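Examining the three-dimensional arrangement
Take a look at the letters that make up each chain.
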Amino acid sequence: GSMIFTDRGSNELRIADLVGSNVRTLISAAGTNVRGVAIDTATEQLFYADNGGNIIYRTQLDGSSGIPIISTDLNFPADLVLDCPGGKLYWCDRDNNRIERSNYDGGEREAFITTTQPYFLDLDLVNRKIYWGDFSDGNIFRADLSDGANVETVVSGLVQTRGVKVDPRAGYLYWC
């Protein structure tokens, strides 16, 4: 019954009830430009990116025990998603033109897909696909989740693409 969100103006991660009440600080000094919160409720782990410092962090769900798990060769990590059953973390590295993935501890890091300015992504674990948008060309793509192959343009001609989310069971793709 809670939502966790970034407050970029104050460099905080905040938590509130789903109706917006009981707002409180979860992590007070999360970074200088915090984006991309991802949560694994089964393991009670929270991940987030600070693209001001170019670091990806892992903490406990209560905000404690935060550690950097990826802190090298990042340039604007903008979004995080989890493959919880597979124990993998995926993120867009917008200015390095790639989507990467690693284990939850940052190990086995790999450049998964090379693409122009990826920004916002989501996983379709039912059909084993990854979806993402590009920062300024207004396209949405998808590829095979196993190896990043078979890249397809799903939507084109938008002005900008933000907030890409897929609902595979209902057969919908959402974006802003």
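Our structure is the block above this text.
Residues numbered from 1 in each chain as written. Predicted model: local features only at pLDDT ≥ 70, side-chain atom pairs only at ≥ 80, totals over all residues. Heavy atoms only, no water.

1. Some thoughts on the side chain of N33
As a reminder, the rule being used: Under the scheme used here, helices are H or I runs from DSSP no shorter than 4 residues and strands are E runs no shorter than 2 residues, and both carry numbers assigned from the N terminus. Burial here depends on accessible area, computed with a 1.4 Å probe over protein chains only, as a share of the maximum for the residue type. Under 20% is buried, over 50% is exposed, and the range in between is partly exposed. For the purposes of these results, a polar contact is taken to be a pair of N or O atoms within 3.5 Å, where, inside protein, one atom must be able to donate a hydrogen and its partner to accept one; residues adjacent in sequence count only when each atom of the pair is a side-chain atom. For this analysis, residues touch if any pair of their heavy atoms sits within 4.5 Å.
On the secondary structure map, N33 appears in the loop between β3 (24-27) and β4 (34-40). The class for N33 is buried, based on a relative accessible area of 17%. One polar contact links N33 to N51, side chain to side chain, over a distance of 2.9 Å. If we skip the residues at most four places from it in the chain, N33 touches R8, N11, A49, D50, N51 and G52.

2. What to know about the environment of V159
In this structure, V159 sits in the loop between β15 (152-155) and β16 (165-167). Spatially, the C-alpha atom of V159 lies 7.0 Å from that of S136, the residues being 23 residues apart in sequence. With sequence-adjacent residues up to four places away left out, V159 is seen in contact with S136, D137 and G138.

3. Section: the side chain of K88
Looking at the element boundaries, K88 is found in strand β9 (residues 88-93). Here K88 falls in the buried class, since its relative accessible area comes to 16%. Residues in contact with K88, not counting those within four places in the same chain, are V81, L82, D83, S102, N103, Y104 and E108.

4. Side note on the pairing of strand β1 (residues 2-7)
The line we're drawing: Strands are treated as partners if at least two bridges between them are detected by DSSP.
Across six bridges, β1 lies against strand β2 (residues 12-17) in antiparallel orientation. Counterpart to D7 in the pairing with β2 is E12. Linkage of β1 to β2, two consecutive antiparallel strands, is achieved through a turn of four residues, within which N11 is found at a positive phi near 60 degrees.

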